[in-house]
Amino acid sequence: MKFQKRHIVLAALVLALAAAVFINWQFSDDTPDLISKVSKELGAATYVNADVATDDEVADVSKQTSATDDFFAKATLERQQSYDEAIELAQQTLKLSDSSDDAKTKAVEQLSKLEDNIVTQTNIEGILKGKGFSNCLCYISDSNCTITVPKKELKDNSPLIIKDAVLSQLEIDFNSITIVEA
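A few points on the structure. Sequence order sets the numbering: in each chain, residues are counted from 1 along the sequence as written. Since the coordinates come from a predicted model, pLDDT governs what is reported: local features require at least 70, and pairs of side-chain atoms require 80 or more to be given and counted, while whole-chain, interface and lining totals use all residues. Here the side-chain values reflect all heavy atoms present in the structure, with hydrogen atoms and water set aside.

1. Brief notes about the sheet that holds strand β2 (residues 145–149)
Pairing between sheet strands relies on hydrogen bonds along the backbone, with the strands arranged either parallel or antiparallel.
For step 1, the next point in the chain: Should DSSP find at least two bridges between two strands, the strands are taken to pair. By definition, any uninterrupted DSSP run of H or I lasting at least four residues is a helix, any uninterrupted run of E lasting at least two residues is a strand, and each is numbered from the N terminus. Taking strand neighbours across the sheet as the criterion, the three strands line up as β1-β2-β3 in an open arrangement whose pairing is mixed. The sheet is open, and its two edges are formed by β1 (137–140) and β3 (177–181), each paired on a single side. Within this sheet the neighbouring strands show an average axis-to-axis angle of 20°, counted without direction.
For step 2, the next point in the chain: Only heavy atoms matter for contacts: two residues are in contact if any of them lie within 4.5 Å across the pair. The axes are straight lines fitted to the C-alpha atoms, using for helices just the contacting stretch, and the angles between their N-to-C directions are given from 0 to 180°. Strand contacts of helix α3 (residues 101–130): β1 and β2, with the helix running at about 145° to β1, the strand carrying the most contacts.
For step 3, the next point in the chain: With respect to the sheet, helix α4 (residues 158–169) is in contact with β2 and β3, its orientation differing from that of β3 by roughly 130°.

What follows is the structure in structure tokens.
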């Protein structure tokens, strides 16, 4: 009797294993190319109502991206040149022996403030790039901060992300932060 029960249990387990192998084979994505010509790529998606982009549309998007990148590169270069000129002017004031002590003190204060602004702007731009913006520019004045980001990257929650990044580095009013689309 025990012998028959063991055979029945063993036969049931073999059948269950065979069924599992068959089901796995049926639903497996590792089918040979002769059976299935569909190839899958990681990250590839097709939307139900998606329109196929023409070559002209792709070229237009490429031109817009290039123009936006050129804008940010040019603006960054111009900002760096103006900072270099301001630093050079302040250093010349410090080097002049006939400058008054008051002028030298103001020059040192301006250099210190400019240095703080450069560090803060760099920090804000780094935070925003870390939060997903490909390009951004930060301009800080006495009581305002202006952030320029690409228009195509702005989403519904982008203003909050940008303002949070600015407020983490500056102590200014929430309404003093301006966001400009490029």
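2. What about the state of the cysteines?
For step 1, the next point in the chain: By disulfide we mean two sulfur atoms from cysteines, separated by a distance within 2.5 Å. A full pass over the atoms with the stated rule returns zero disulfides.
For step 2, the next point in the chain: Of all cysteine sulfurs, the one in Cys145 lies closest to Cys138, which takes part in no disulfide; the gap is 3.7 Å.

3. As for the side chain of Glu125
For step 1, the next point in the chain: Looking at the secondary structure, you find Glu125 in helix α3.
For step 2, the next point in the chain: Other than its neighbours up to four places away in sequence, Glu125 contacts Arg79, Cys136, Leu137 and Cys138.

4. Quick look at α3
For step 1, the next point in the chain: Helices are assigned an expected span. That span is 1.5 Å times one less than the residue count. An ideal rise of 1.5 Å per residue puts 44 Å on 30 residues; α3 measures up with 43 Å between its terminal C-alpha atoms.
For step 2, the next point in the chain: Where α3 ends, the next residue or the one after it, Gly132, has phi of about 115°, a positive value.

5. Description of the packing of α3 against α4
For step 1, the next point in the chain: Where α3 contacts α4, the axes come no closer than 9 Å and their chain directions differ by 145°. Handedness of the α3/α4 crossing: right-handed. When α3 is examined against α4, the residues Thr120, Asn123, Ile124, Ile127 and Leu128 are found in contact with a partner set consisting of Ile161, Ile162, Ala165, Val166, Ser168 and Gln169.
For step 2, the next point in the chain: Residues are grouped as follows: Ala, Val, Leu, Ile, Met, Phe, Trp, Tyr, Cys and Pro are nonpolar; Asp, Glu, Lys and Arg are charged; all remaining types, including Gly, are polar. In terms of residue class, the contact of α3 with α4 is made up of seven nonpolar, four polar and no charged. Take the far helix as the reference: if the near one is turned anticlockwise from it by less than a right angle, the crossing is left-handed, and if turned clockwise, right-handed.

6. So, the nonpolar core
For step 1, the next point in the chain: To qualify as a nonpolar core, a set must consist of buried Ala, Val, Leu, Ile, Met, Phe, Trp, Tyr and Cys residues joined through side-chain atoms within 4.5 Å. For each residue, the accessible area found with a 1.4 Å probe, counting protein chains only, is set against the maximum for its type, and the residue is called buried under 20%, exposed over 50%, and partly exposed in between. Membership of the largest hydrophobic core comes to 15 residues, with the highest contact counts inside it found for Ile124, Leu128, Cys145, Ile147, Val166 and Leu170.
For step 2, the next point in the chain: When contributions to this core are tallied by element, the ones reaching two or more residues are α3, β1, β2 and α4.
For step 3, the next point in the chain: When residues no more than four places from it in sequence are discounted, the contact partners of Val166 are Ile124, Cys145, Ile147, Ile172 and Ile177.

7. Considering the pairing of β2
For step 1, the next point in the chain: Counting buried positions along β2 gives four out of five residues, so the element sits mostly inside the fold.
For step 2, the next point in the chain: The pairing of β1 with β2 spans four bridges and is antiparallel. Note on β2: the bridge partner recorded for Leu137 is Thr148.
For step 3, the next point in the chain: What sits between β1 and β2 in their antiparallel hairpin is a turn of four residues.
For step 4, the next point in the chain: As paired elements, β2 and β3 share five bridges and run parallel to each other. Bridge pairing in β3 links Ile147 to Ile179.

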